[in-house]
Structure formats: C-alpha cells, structure tokens
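Residue-level structure breakdown
As a plain string of letters, each chain reads:
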Amino acid sequence: MIVLKGAEVSAKIKDEVQTMLNRLDGPVPRLAIVRVGKNPDDISYERGATKKLESFGLRVSSHVYPADISDAAFKEAFRTVNEDKDVDGILLLRPLPKQVCEKDIEEMILPEKDLDGISPTNIAKVFAGDTSGFAPCTAEAVIEALKQNQIEITGKRVVIVGRSMVVGKPLSMLMLKENATVTVCHTRTKDLKGTCRGAEILVAAAGRARMLNQEYTGKGAIVVDVGINVDENGTLCGDVDFESIQETAAMATPVPGGIGTVTTAVLAKHLVQAACKNR
Ligand code: NDP
C-alpha cells in the first residue's frame with residue numbers, strides 16, 4: 001500500500017502560494033484567527049495553522065475572546081476584525097459557545113474573507129459548482145490530496161462516510177464537480193461495510209477512531225482519512241484502521257501527517273487568493 005503523505009501535497013501547494021505571492025503587491029497577506037474560549041482542539045488547530053502559514057511567509061493574528069462573552073460583545077468584536085482593511089481572510093474556530101448566535105456570524109462574515117466556506121454565499125457556490133468562492137478547507141484538501149497525487153477522480157465510485165456541513169456534504173459536491181459518482185453514508189446507512197467495499201475512492205469523515213478496517217475496503221481502494229480522533233490510550237488516530245487495510249487498499253493517507261497537513265496548506269492558498277482578488 002502506498003502512503004499518501006500530506007507533507008508532499010503541502011509542499012506543492014506552497015509552491016503555488018509562492019508564485020501567487022510573487023505577483024502580489026502591497027503588504028504580506030494576513031489571516032485573522034478568531035477564537036472564543038480555550039478549547040484544546042481549537043488551540044491546537046490555531047497553533048498548527050499559525051505555524052504552517054508563517055512557514056509559507058504569511059502573517060497571522062489571533063483574536064481571542066473569553067468563553068462567556070455576550071452575543072452582542074462578540075458581534076461587535078467580530079465586526080471590527082471583519083472590517084479591518086489589513087485583514088485579508090478570517091478563520092473562525094467553531095463551535096461557538098451557546099450564547100453566541102453562530103448563524104448570525106456566518107451571515108456577517110464577508111464572503112471574500114471567508115476562507116473556510118461558512119457563509120451562505122460560499123456554501124451556495126460550492127453546491128452550484130461555482131469555483132469563484134471558498135470551499136471548506138478540509139473538503140478541498142481531500143480533492144487536492146487526490147489531484148496532487150495524479151489520482152483520477154472522473155467516473156470513479158466515491159463513497160464518503162459522514163455528512164457534516166464541514167466535510168461530508170461540501171466534499172460530495174466537490175466530488176460531483178470532478179465528475180465522480182458519489183455516495184454519502186451516515187449513521188442510518190444500511191450495509192455500510194458493503195457500500196464502502198464498493199468504493200474506488202473511500203473518504204472517512206465520521207469522527208470514529210479506527211472504525212473503517214479491511215472489511216470496509218475493497219481490493220485496490222484509495223482511502224482518504226479525514227478523521228482526527230484520540231483513542232482510549234490517548235493516541236491520535238484517524239477513522240481508518242491503517243494497519244488492517246495494508247493488504248486491501250492500494251493507497252491511503254495517514255493520520256497524523258495526512259489531510260490535516262493539507263488542510264492548513266489549503267487555508268494558506270485561500271488567504272493568498274483572497275488577497276489577490278480583493279486588493
Ligand atoms: P461530525 O460529528 O459533524 O459528523 C460526523 C458524520 O459522520 C455524521 O454525518 C455522522 O452521521 C457520521 N457518522 C458518525 N458515526 C458513524 C457511523 N458509525 N457510521 C456511519 N456514519 C457515521 O464530524 P465532522 O464532519 O466535523 O468531522 C469528522 C471527522 O473529521 C472528525 O474526526 C474531525 O475531527 C475530523 N476533521 C478533520 C479536519 C482536518 O483538517 N483533517 C477538519 C474537520 C474535521 P449522522 O449525520 O447520521 O450523525
């Protein structure tokens with residue numbers, strides 16, 4: 001089984017980013033990361049994204065607010081970041097605390113700064129197959145990982161396990177745009193194993209540690225593992241039982257070192273695209 005390493009895909013995206021940066025006038029593009037509270041997953045993602053973007057030569061600022069901030073106070077703070085001319089793109093870490101209306105923020109964020117595709121405008125574009133907006137970075141990272149490894153998507157049977165608005169649903173639309181034949185699975189899917197075994201490209205985005213083993217993978221399948229989980233021993237792992245699919249799958253992305261790495265590279269690319277378009 002060939003291991004599709006995220007670092008190699010990320011390096012190729014870095015070259016594209018560099019080419020775009022060379023053509024860009026004015027200040028270095030700046031990402032604003034907006035975080036409410038101290039969720040360890042958010043902090044870890046923020047740290048990883050900051051490191052990656054800075055290594056790409058980009059600027060990052062963090063805007064952190066207390067977990068008990070009121071809805072009105074957060075909206076005011078968010079408005080300031082949204083309207084800041086020196087901010088080219090925004091990454092909002094979610095979910096927000098209950099007292100803050102997330103839907104209002106999704107509607108407030110300027111689509112041209114919405115690098116992770118959470119605004120209704122960008123979501124609609126993804127569903128319409130219009131590439132002029134920003135798709136959610138993780139969903140796009142799956143496509144990048146396949147394309148940068150010269151894996152043909154057109155005409156392939158693609159099975160996606162997971163139907164969230166962050167990964168499964170937008171990815172199903174991006175796959176359709178690439179002319180795949182797409183099946184989306186979820187907790188009510190009957191015969192999940194059989195459906196997954198029929199996939200030429202299997203994407204795991206269920207958030208269940210090592211759930212998909214060799215019984216879920218057909219011979220020669222290409223497996224993309226989006227999951228980021230911590231198992232009962234505190235070890236970071238994906239949704240795929242990587243060891244058990246060695247004999248069945250032809251290729252697979254590892255966790256860690258797979259799609260997560262590509263996701264932050266896509267975020268960097270979106271930031272530079274935003275700067276190129278909006279200045
Ligand atoms: P959600 O919890 O929002 O969605 C999980 C989806 O998987 C749901 O649609 C759910 O079905 C489905 N699912 C859960 N369990 C099963 C099961 N046993 N059988 C079939 N379907 C199942 O998760 P996210 O989409 O936000 O994230 C998915 C994974 O991806 C997580 O591990 C997350 O950490 C990771 N992730 C990784 C990122 C990266 O950069 N690599 C970024 C974002 C997420 P139903 O709708 O029926 O409940």
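Residues numbered from 1 in each chain as written. Predicted model: local features only at pLDDT ≥ 70, side-chain atom pairs only at ≥ 80, totals over all residues. Heavy atoms only, no water.

**Description of the pattern of salt bridges**
Scanning all chains against the criterion turns up 17 salt bridges. Across the salt bridge formed by arginine 59 and aspartate 86, the nearest N and O atoms sit 3.0 Å from each other. Taken together, the residues span a long stretch of sequence, with arginine 59 in strand E3 (residues 59-65) and aspartate 86 in the loop between helix H3 (71-83) and strand E4 (89-92) at a distance of 27 residues. Arginine 59 gets classed as partly exposed once you look at its relative accessible area, which sits at 28%. Take aspartate 86: its relative accessible area is 29%, and that puts it in the partly exposed class. Across the pair aspartate 71 and lysine 75 runs a salt bridge whose closest N-O atoms are separated by 2.8 Å. (Salt bridge = Lys/Arg side-chain N within 4 Å of Asp/Glu carboxyl O. Helix = DSSP H or I, 4+ residues; strand = E, 2+ residues; numbered from the N terminus. Buried < 20%, exposed > 50% of the residue type's maximum accessible area, 1.4 Å probe, protein only.)

**Some points on the pairing of strand E8 (residues 222-225)**
Residue alternation in E8 divides its side chains into two sets, Ile222 and Val224 and Val223 and Asp225, and both sets are buried. With four bridges joining them, strand E7 (residues 201-204) and E8 adopt parallel strand pairing. What sits directly across from leucine 202, in E8, is valine 223. In terms of strand pairing, E8 meets strand E11 (residues 251-252) through two bridges, oriented parallel. Of the residues in E11, the one forming a bridge with isoleucine 222 is methionine 251. (Pairing = 2+ DSSP bridges.)

**Notes on the site of the ligand**
Close to the ligand lie 21 residues, the nearest being Thr138, Arg163, Ser164, Thr187 and Ile228. In this structure, threonine 138 approaches the ligand through a side-chain N or O atom, which is 3.4 Å from an oxygen atom. Threonine 263 places a polar side-chain atom, nitrogen or oxygen, 3.2 Å from an oxygen atom of the ligand. Relative to its unbound accessible area of 920 Å², the ligand is 71% covered by the protein chains. A per-class count over the shell around the ligand returns nine nonpolar, ten polar and two charged. (Near = heavy atom within 4 Å. Polar contact = N/O pair within 3.5 Å; in protein donor to acceptor, adjacent residues only side chain to side chain. Areas by Shrake-Rupley, 256 points an atom, 1.4 Å probe, with all protein chains shown as cover. Nonpolar A, V, L, I, M, F, W, Y, C, P; charged D, E, K, R; others polar.)

**Details of the side chain of asparagine 82**
On the secondary structure map, asparagine 82 appears in helix H3. Look past the residues within four positions of asparagine 82 in its chain and what remains in contact with it is Ile90, Met108, Ile109, Leu110 and Lys113. (Contact = heavy atoms within 4.5 Å.)

**Comments concerning the nonpolar core**
Within the largest apolar cluster, 52 residues are counted, with the highest numbers of intra-cluster contacts made by Leu31, Val142, Leu146, Met175 and Val203. Ranked by residue count, the leading element in this core is helix H9 (residues 259-278), at ten residues. When sequence neighbours within four positions are dropped, the list of residues in contact with valine 203 reads Val142, Val159, Ile160, Val161, Leu171, Met175, Val224 and Val226. In this structure, Val34, Val36, Val100 and Ile118 belong to the second largest nonpolar core, which totals 18 residues. (Core = buried A, V, L, I, M, F, W, Y, C linked by side-chain atoms within 4.5 Å.)

**Focus: unusual backbone geometry**
In this model, arginine 94 is joined to proline 95 through a cis peptide bond whose omega is 5°. In this structure, the amide linkage connecting valine 255 to the following residue, proline 256, adopts the cis form with an omega of 0°. Relative to the helices and strands, proline 256 is located in the loop between E11 and H9.

**Comments concerning the pairing of strand E2 (residues 30-36)**
For E2, the buried fraction is high: seven of the seven residues fall into the buried class. Of the two faces of E2, both are covered, the one formed by Arg30, Ala32, Val34 and Val36 as well as the one formed by Leu31, Ile33 and Arg35. Pairing geometry for E2 and E3, over seven bridges, is parallel. Bridging from a neighbouring strand, leucine 31 pairs with valine 60 of E3. In this fold, E2 hands off to helix H2 (residues 40-55), which returns the chain to E3; that crossover is right-handed. As judged from the four bridges shared by E2 and E4, these two strands associate in the parallel manner. (Right-handed = clockwise from strand over helix to strand, strands pointing away.)

**Quick word on the environment of lysine 14**
Positionally, lysine 14 belongs in helix H1 (residues 6-22). With relative accessibility at 33%, the residue lysine 14 sits in the partly exposed group. Lysine 14 sits 43 residues away from glycine 57 along the chain, and the two C-alpha atoms are 9.7 Å apart. Every residue in contact with lysine 14, bar those within four places of it in the chain, is listed here: Ser55 and Phe56.

**Notes on the packing of aromatic side chains**
For the coordinates displayed, the defined rule picks out two aromatic pairs. Ring centres 5.7 Å apart and planes at 80° place the aromatic pair tyrosine 65 and phenylalanine 74 in the edge-to-face group. For the pair formed by tyrosine 65 and phenylalanine 74, the shared burial category is buried. Put simply, the rings of Tyr65, Phe74 and Phe78 pair up and form one aromatic cluster. Just above the ring of phenylalanine 134 sits the side chain of lysine 277; from NZ or CZ to the centre is 5.0 Å. (Phe/Tyr/Trp six-rings, centres within 6.5 Å; stacked < 30°, edge-to-face > 60°. Lys NZ or Arg CZ within 6 Å of the ring centre and 35° of its normal.)

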